[in-house]
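Next come the chains, spelled out residue by residue.
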Amino acid sequence: MRDEVDELIEAWARERSDLDLAPVSVFSRISRLAHHVDRARRQAFTTHDIESWEFDVMAALRRAGEPYELSPGRLLRETLVTSGTMTNRVDRLTTRGLVERHPDPTDRRGVLVRLTPDGKDAVDGAFAALLEAERELLSGLSAEDQAVLAGLLRRLLVPFSG
């Protein structure tokens, strides 16, 4: 079985036979696959009338468990964005009725961001659609191959985990 990366590697090998092209065979495929995953994400989210960044914030709240709320600082750590960006995102989600702010009972100056019932419905629907799309992307691999691939990718990612 051949793909476009094989052709790319052959072309580079012809032009730069002095280089070890092994990384290209892995990372060019990861890059191309990431493009397909991003497209599947956008499509899953669009069908539920949310954007990727909205999903990221609401998914962090949903994963927190009932009552589906986090401090803005915790949301920053969960979504890896700046505080200014998070403030803007929470403002926009609040305007859409997907999240709401509540006073933090343990800190008079603090607030908690909580998922609304509409937000919970939106993120649950989008997540189910995303899983369906991702299952389709993995359908060419057996469950065993998927587990092996997940393990190998984990080994690549661990050094970057904070």
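Report follows, based on the coordinates. In this text, all values refer to a predicted model and were calculated from it rather than measured experimentally.

The rules we used
Residues numbered from 1 in each chain as written. Predicted model: local features only at pLDDT ≥ 70, side-chain atom pairs only at ≥ 80, totals over all residues. Heavy atoms only, no water. Helix = DSSP H or I, 4+ residues; strand = E, 2+ residues; numbered from the N terminus. Rg over C-alpha atoms; globule rule 2.2 N^0.38 Å. Buried < 20%, exposed > 50% of the residue type's maximum accessible area, 1.4 Å probe, protein only. Contact = heavy atoms within 4.5 Å. Pairing = 2+ DSSP bridges. Salt bridge = Lys/Arg side-chain N within 4 Å of Asp/Glu carboxyl O. Expected span 1.5 Å × (residues − 1).

1. Some points on the overall build of the chain
Line of reasoning, step 1. Looking only at helices and strands, one finds 7 helices and 3 strands in the chain.
Line of reasoning, step 2. Taken from N to C terminus, the helices and strands of the chain fall in the order α-α-α-β-α-α-β-β-α-α.
Line of reasoning, step 3. Taken over the C-alpha trace, the chain has a radius of gyration of 20 Å; the compact-globule value for 162 residues is 15 Å, which it surpasses by more than 25%.
Line of reasoning, step 4. Taken over the C-alpha atoms alone, the chain extends approximately 65 × 30 × 30 Å along its principal axes.
Line of reasoning, step 5. Going through the 162 residues of the chain one by one, you find that 25% of them count as buried.
Line of reasoning, step 6. A fraction of 47% describes how many contacts in the chain between residues 6 or more apart in sequence connect residues 24 or more apart.

2. Structural notes on unusual backbone geometry
Line of reasoning, step 1. Here the bond from Glu-66 into Pro-67 is cis, since omega is 10°, no more than 30 degrees from zero.
Line of reasoning, step 2. Secondary-structure assignment places Pro-67 in the loop between helix H3 (52–63) and strand S1 (69–70).
Line of reasoning, step 3. Positive phi, close to 60°, is recorded for Asp-49, a residue that is not glycine.
Line of reasoning, step 4. Structurally, Asp-49 is set in the loop between helix H2 (22–46) and H3.
Line of reasoning, step 5. Non-glycine residue Tyr-68 carries a positive phi angle of around 60°.
Line of reasoning, step 6. Here Tyr-68 falls in the buried class, since its relative accessible area comes to 12%.

3. What to know about the sheet that holds strand S3 (residues 107–115)
Line of reasoning, step 1. With respect to topology, 3 strands assemble into an open sheet ordered S1-S3-S2, the strand pairing being antiparallel. Two strands close off the open sheet at either side, each with one partner strand: S1 and strand S2 (99–104).
Line of reasoning, step 2. Where S2 lies against S3, 6 bridges are found, and the strand directions are antiparallel. In the strand pairing of S3, Pro-103 is matched with Val-111.

4. As for the pattern of salt bridges
Two side chains of opposite charge can pair, provided their charged atoms sit close to one another.
Line of reasoning, step 1. All chains considered together, the criterion is met by 16 salt bridges.
Line of reasoning, step 2. For Arg-29, the salt bridge is made with Asp-3, and the minimal N-O distance between the two is 2.7 Å. Remark: Asp-3 occurs in the segment before helix H1 (4–15) and Arg-29 occurs in helix H2; sequence separation between them is 26 residues.
Line of reasoning, step 3. For Arg-29, a relative accessible area of 28% gives the class partly exposed.
Line of reasoning, step 4. Residue classification places Asp-3 among the partly exposed residues on the basis of a relative accessible area of 29%.
Line of reasoning, step 5. Where Arg-96 meets Asp-49, a salt bridge forms, and the shortest distance between an N and an O atom there is 3.2 Å. Taken together, the residues span a long stretch of sequence, with Arg-96 in the loop between helix H5 (83–95) and S2 and Asp-49 in the loop between H2 and H3 at a distance of 47 residues.

5. Digging into the pairing of S3
Line of reasoning, step 1. Sheet topology places S1 next to S3; 2 bridges connect them, and they run antiparallel. Across the sheet, Leu-70 pairs through a bridge with Val-113, a residue of S3.

6. Quick look at H3
Line of reasoning, step 1. Taking 1.5 Å per residue, 12 residues should reach 16 Å; H3 reaches 16 Å between its end C-alpha atoms and fits that length.
Line of reasoning, step 2. For H3, the complete set of buried residues consists of Trp-53, Glu-54, Phe-55, Val-57, Met-58, Ala-59, Ala-60 and Leu-61.
Line of reasoning, step 3. Positioned one or two residues after H3, Gly-65 has a phi angle of 80°, which is positive.

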